[in-house]
Each structure stands twice: as C-alpha cells, then as structure tokens.
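Observations on the three-dimensional arrangement
Residue strings, one per chain:
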Amino acid sequence: MSGAIPQLRPATRPRLVFTDLDGSLLDHDSYDWAPARPWLVALKASGVIVIPVTSKTRSELLSLRQMLELSASPFIAENGAVVALPPDWCHVRRDTSPGADGLVVRNLGIDIGLIRRRIAIWRQRLGVHCRTMSEMSLEEVAELTGLGDQEARLARLREGSEPLVWLDSDDAIDAFRQGLAGDGLRMVQGGRFWHVTGDTDKGRAVGWLCRRFEDLRGEAAETVALGDGPNDVSMLEAVEAAVVIRGRHGLKVTPATPRLYRTESSGPQGWVEGISYFWGQSESATQESASCGSAGESPGHSTEGEA
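Procedures and definitions
- Residues numbered from 1 in each chain as written.
- Predicted model: local features only at pLDDT ≥ 70, side-chain atom pairs only at ≥ 80, totals over all residues.
- Heavy atoms only, no water.
- Helix = DSSP H or I, 4+ residues; strand = E, 2+ residues; numbered from the N terminus.
- Expected span 1.5 Å × (residues − 1).
- Buried < 20%, exposed > 50% of the residue type's maximum accessible area, 1.4 Å probe, protein only.
- Polar contact = N/O pair within 3.5 Å; in protein donor to acceptor, adjacent residues only side chain to side chain.
- Salt bridge = Lys/Arg side-chain N within 4 Å of Asp/Glu carboxyl O.

All right, on to helix α7 (residues 202-217) then. Count 3.6 residues to each turn of an α-helix, and residues three or four apart come out pointing the same way. Between its first and last C-alpha, α7 extends 22 Å over 16 residues, near the 22 Å set by a 1.5 Å rise per residue. The set of residues buried in α7 consists of Lys202, Gly203, Ala205, Val206, Gly207, Trp208, Leu209, Cys210, Arg212 and Phe213. The N-terminus of α7 is capped by Asp201, whose side-chain oxygen sits 3.1 Å from the backbone nitrogen of Gly203. The positive-phi residue at the C-terminal boundary of α7 is Gly218, with phi of around 80°.

The next point concerns the pattern of salt bridges. By the definition in use, this model includes 19 salt bridges. In this structure, the salt-bridge partner of Arg204 is Asp199, at a minimum N-O distance of 3.3 Å. The salt bridge involving Asp232 is made with Lys202; its shortest N-O contact spans 2.5 Å. Highlighted residues: Asp232 in the loop between β10 (222-227) and α8 (233-237) and Lys202 in helix α7, separated in sequence by 30 residues. Three or more residues are tied together by salt bridges with common partners; here these are Asp22, Lys56, Glu60 and Arg192.

What follows is the structure, encoded as structure tokens:
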C-alpha cells in the first residue's frame, strides 16, 4: 500500500478495532508495522479506537502502544487475562486506583503463581515434557521470539498467563489440558507458544471492553477484529466482523462467525487488506454485506472454510 491516507466508508455508530499484534498488525519475524501506518492514521483521524489484544505482557505493551500511537486506547494483554484502561475508559467511582502510568489494570484471570504451581504439579503427575517461559533463560526467550534482550525481559513479566513450549505427544497434551481444566485453567495455542490462563480468553476480555464502552458512551460500537492464530478465535467470534490474517505457522483458525474475511497476505499487509475490505471506500467494501458468509471460497474472500 502507498503512503496515501485511505478513506473510510461512512458509519452510523462509533467504531472499535480489536487487533492481535504478532503475525497480524506486526510482522511475524521482523515486528515491522509500516504497511499499516496509513490505515492507523486514517482510523485515528476518524475517531476509531484501535485496541491491541495480544499474548504480550502489560510491560511489553506500555512502550509498544506509544510507538503505535495508541496511548489513548485500552489494551488486552496475556490472551485476555489483563485489561488496562486509560482515563477515558474509567468509571469515576469504580476505577479509583490508577498506576504510575495512569492506567487502571483489571486482572480477569488467575494469579500467575497459582498457574505456575499447577503446571509443575500436572507435569510431574503425568510425566510429560514441556518448558515454561519462566524456566527459560533470557537468551532462550530471545531466540524463540526474535526479541531483543530488553523486550525478552519484558515478555517474562507475566501477571495472568504462562507461555510454554510443548515437548511431548499430542495424546499427552490432551491429558495435560484435562488436568489443568480440573483446576479451572485452560490452554490456548498461539503462533509460538501454548498459553496457560485462568477461565478467560481474548473473546471474554473483548466482550468486557465492549460492554464498558456501551456503559460509558450510551451506544454499542460497530466492531471488527483481526488475528492470525488459534488463540484469536474467541476474539474473532466476539465481534460483528472478523478478519483471519493468513498465518505463517500453518495452524488452523476457524472462527464460527457469519461475517468472516480471510486475507491473501500475511502480517501487516494482511491487516490492511482486512480493514480495507470491511471499512474501506472501495468496490469490495460496498459489496461486503452481500458476499460475507459465503462458504467454500478461496482466501481473499469471506468464507467459513479454512485457508
């Protein structure tokens, strides 16, 4: 896409964009987001709020949201376990304890200490093999993620979820997942790691923010979400229009939603393709309502099949 600022088609309601980061708004390998910059500028100029929804930690997002010029937006971290609210998203009476960064933080999940203890217990009980991020050296985290040392340190500052690398069989992971489920924990698969969280996910956190927006603004927003991984499915199912960005990981992403678009491109190029399809002033955007939900089409069309 060129550097020209795109045009949005008119809207009758306020709009919210919920977006995954790694492999979606950010390139899977380089973390570059330059192709999406014109659209981010256009969305901001139109009053559209772009909300990161990611497996990254709150510590990682504090600087990243500044770089993306999303410092006025709330964000969802650790696959829905943590929600951070800027002042405009706070209730005067309910949200009374902002941190030094001005954000009110809500933990929708379970304390990280309990999660780590239960992982250790079930790993020993079942005799399975996995390695959690908290057990990895800084060098290992950096190698697995492609992050620099400082970013890798921030990635280890978990509050409500624990990433792990699975080193055993598929049958073993099923038993491990069932054991954790008995403790009220769940496993979701991302592009690089499995993530163990409490009884929450990206979709529940998105729903929580949508209700908060409606409470504060007095009307429901028009919503779209974009993601590339299995851990994005619940988010994609929680909004009105969903974009599955072509992944680089080969994992199936099959949200059950009638307004679904699958991109030809991956990363930020795919992000631009998806936003343009639903909200851009183009022929495809004007035809979107007629074509969404048709099954069995190739990537680059709305479909309920797997790309």
